[in-house]
Amino acid sequence: MKNVRTSLIAAALLAGASLAAQAADLLDDVKARGTLRIAVEGTYPPFNYKDEKGQLTGFDVEIATAIAGKLGVKPEFTTTEWSGILAGLQAGKYDVIVNQVAATDERRKTFDFSTAYVMSYPQLIIRANETRQLLTPADLKGKKIGVGQGSNFAEQAKGFEGVEVRTYPGATEYLQDLATGRIDAALNDSLLIPYLKQKTKLPVKAGAAIGQAATNAIPFRKNSPKFKAAIDKALSDLMADGTYAKISTKWFERDVSKPIENK
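All values reported here derive from a predicted model rather than from experimental measurement.

Visitor: Would you mind showing me how to read the sheet that holds strand β5 (residues 74–79) here?
Guide: Backbone-to-backbone hydrogen bonds join strands into a sheet, with any given pair of strands oriented parallel or antiparallel. Read across the open sheet, the 3 strands follow the order β5-β1-β6; overall the sheet is parallel. The two strands at the open ends of the sheet, each matched to only one other strand, are β5 and β6 (96–97). Where strand β1 (residues 35–40) and β5 come together, 6 bridges link them in parallel fashion. Counterpart to Val40 in the pairing with β5 is Thr79. Sheet strands in contact with helix α3 (residues 59–71) are β1 and β5, and its direction is about 145 degrees off that of β5.

Rendered as structure tokens:
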């Protein structure tokens, strides 16, 4: 009986220890470890990719590094394909994903999210010397709009009344036609336009935002309120001290945490 009682007590202690470990806040783990484990694709410019020297760089890499600094720990990056990145988070392979993850209702069933740190829009691309007011779908009536074949932007443009939609294999092709006057405007994600402009070196610029904003946030495991508060505070501090705006302007020519002001 004594042996049985001892075994039961040991089992209870082990179960209690297991429950306590499960209940530990992620912030405690991160602080004890001294690192924030961050997942990115590593092949998604300008957000995260490897430069010509093989170094991981990009907007999300710099933001994640700055967040780790605010937490007082070192960033530790893992690159993984998008198809398995959320499953890896669920399995505990890393602490956060900083990779333009939309905080959808379906994903919130599995993960908690930080406050939104990026706002993205469908946005027009126009010629650098464009003088016409192209601010709304109504302004595009009778115009030719270039979009990527099969993209969400192609479907959106097809809903613009009186607009001739021309589809292309990719951005390089329709930006070339835009620069030479074969089309009047193009449509893409607002976050990608500065990168596309820089990559192609064509005389084009960002135009008006058209459509609803989408917001992206940082997912992590559920039931870690201290960790969520710390991540949210880190983002808030980065925005308050100007670090976020500096990083954002470097990559996107504006502060992408704020709405676009059409002019």
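This is not the end of the story, as more comes after the structure.
Visitor: What am I meant to see in the pattern of salt bridges here?
Guide: Considering all chains together, one arrives at 18 salt bridges under this definition. When the shortest N-O distance is used, the salt bridge between Asp29 and Arg221 registers 3.4 Å. Linking Asp29 in helix α2 (residues 26–33) with Arg221 in the loop between β16 (219–220) and α9 (225–240), this pair joins segments that are 192 residues apart in sequence. With a relative accessible area of 30%, Arg221 lands in the partly exposed category. Among the ionic pairs, Asp184 bridges to Arg132, the shortest N-O distance being 3.2 Å. Within this pair, whereas Asp184 is found in the loop between α7 (171–179) and β13 (185–189), its partner Arg132 is found in the loop between β10 (122–127) and β11 (144–148), the two being separated by 52 residues in sequence. With relative accessibility at 14%, the residue Asp184 sits in the buried group.

Visitor: In this structure, what is going on with α7? I would like to understand it.
Guide: Think of an α-helix as 3.6 residues a turn; residues three or four steps apart then line up on the same face. For α7, the full list of buried residues reads Ala171, Tyr174, Leu175, Asp177 and Leu178. Buried residues of α7, viewed axially, fall in a sector of 160 degrees; they line one side. Where the residues of α7 are buried, they touch β10, β11, β12 (164–168), β13, α8 (193–200) and β14 (204–209). A positive backbone phi angle near 85 degrees is found at Gly181, which sits one or two residues after α7.

Visitor: Looking at this structure, how should I read the environment of Asp28?
Guide: Structurally, the position occupied by Asp28 is in helix α2. Considering only alpha carbons, one finds Asp28 and Lys222, 194 residues apart in sequence, at a separation of 14 Å.

Visitor: I keep staring at the packing of α3 against α9 and nothing clicks. Help me out?
Guide: When two helices pack together, their arrangement is captured by the angle between the axes and the distance separating the axes. Between α3 and α9, whose axes approach to 9 Å, the crossing angle comes to 110 degrees. By the angle between their axes, α3 is roughly perpendicular relative to α9. When the axes of α3 and α9 are compared, the crossing they make is right-handed. In this structure, α3 uses Ile63, Ala66, Ile67, Lys70 and Leu71 to contact α9, whose residues at the interface are Ala230, Ile231, Ala234, Leu235, Asp237 and Leu238.

Visitor: Just checking my understanding: could you explain the side chain of Asp177 for this structure?
Guide: In this fold, Asp177 is placed in helix α7. The residues touching Asp177, leaving out its near neighbours within four places in the chain, are Tyr168, Arg182 and Ile183.

Visitor: Would you take a moment to explain the sheet that holds strand β9 (residues 118–120) for this structure?
Guide: Pairing is antiparallel in the open sheet, where 3 strands are placed in the order β7-β15-β9. Both outer strands of the open sheet, β7 (101–102) and β9, are each paired with one neighbouring strand and no more. Where β7 and strand β15 (residues 214–217) come together, 2 bridges link them in antiparallel fashion. What sits directly across from Val101, in β15, is Ala217.

Visitor: How should helix α10 (residues 243–252) be read in this particular structure?
Guide: Every buried residue of α10 is accounted for by Tyr244, Ile247, Ser248, Trp251 and Phe252. Taken around the axis of α10, the buried residues stretch over an arc of 100 degrees, which confines them to a single face. With respect to the buried face of α10, the exposed residues turned more than 90 degrees away are Lys246 and Lys250. Buried residues belonging to α10 abut β3 (48–50), β4 (56–57), α3, β9, α8 and α9. Following α10 by one or two positions, Glu253 has its phi on the positive side, about 70 degrees.

Visitor: Just to check I follow, could you spell out the pairing of β15 for this structure?
Guide: Sheet faces and side chains relate simply in a regular strand, where the side chains alternate between the two faces. Strand direction decides the pairing type here: β9 and β15, joined by 3 bridges, are antiparallel. Bridged to Val118 within β15 is Asn216.

Visitor: Honestly, the nonpolar core in this entry has me stumped. Any pointers?
Guide: Side chains that are nonpolar tend, in soluble globular proteins, to be buried together. Within the largest apolar cluster, 33 residues are counted, with the highest numbers of intra-cluster contacts made by Leu36, Phe59, Ile67, Tyr117 and Phe227. Those elements that place two or more of their residues in this core are α2, β1, α3, α9 and α10. The dominant element in this core, judged by the number of residues it contributes, is α3, at 7 residues. For Phe227, the residues in contact, after removing those within four places along its chain, are Asp25, Leu26, Leu27, Val30, Leu36, Val96 and Phe220. Formed by 14 residues, the second largest nonpolar core is a distinct cluster that contains Leu134, Phe153, Ala154 and Leu187.

What counts as what
- Once a new chain begins, its residue numbering starts again from 1 and follows that chain's sequence as written.
- Confidence filtering applies because this is a predicted model: local features only for residues at pLDDT of at least 70, side-chain atom pairs given and counted only at 80 or more, and all residues used for totals across whole chains, interfaces and linings.
- Side-chain metrics in this entry use all non-hydrogen atoms of the structure; hydrogen atoms and water are not considered.
- When DSSP finds at least two bridges between two strands, those strands are taken to pair.
- Here a helix means four or more residues in a row that DSSP labels H or I, a strand means two or more in a row labelled E, and each is numbered from the N terminus.
- Pairs of residues are marked as contacts when any of their non-hydrogen atoms sit within 4.5 Å.
- Lines fitted to C-alpha atoms define the axes here, with helix axes fitted over just the stretch in contact, and angles between the N-to-C directions of these axes take values from 0 to 180 degrees.
- Any Lys or Arg side-chain nitrogen located within 4 Å of an Asp or Glu carboxyl oxygen qualifies as a salt bridge.
- Relative accessibility under 20% of the residue-type maximum defines a buried residue, over 50% an exposed one, and the middle range a partly exposed one, all with a 1.4 Å probe and only protein chains included.
- Picture the helix axis, draw a direction to every C-beta atom, and the arc is the one those directions span.
- Should an angle fall under 35 degrees it is called roughly parallel, over 145 degrees roughly antiparallel, and 65 to 115 degrees roughly perpendicular, with every other angle called oblique.
- Less than a right angle of anticlockwise turn of the near helix away from the far helix marks a crossing as left-handed, whereas a clockwise turn marks it as right-handed.
- By nonpolar core we mean a set of buried residues, namely Ala, Val, Leu, Ile, Met, Phe, Trp, Tyr and Cys, connected to one another through side-chain atoms within 4.5 Å.

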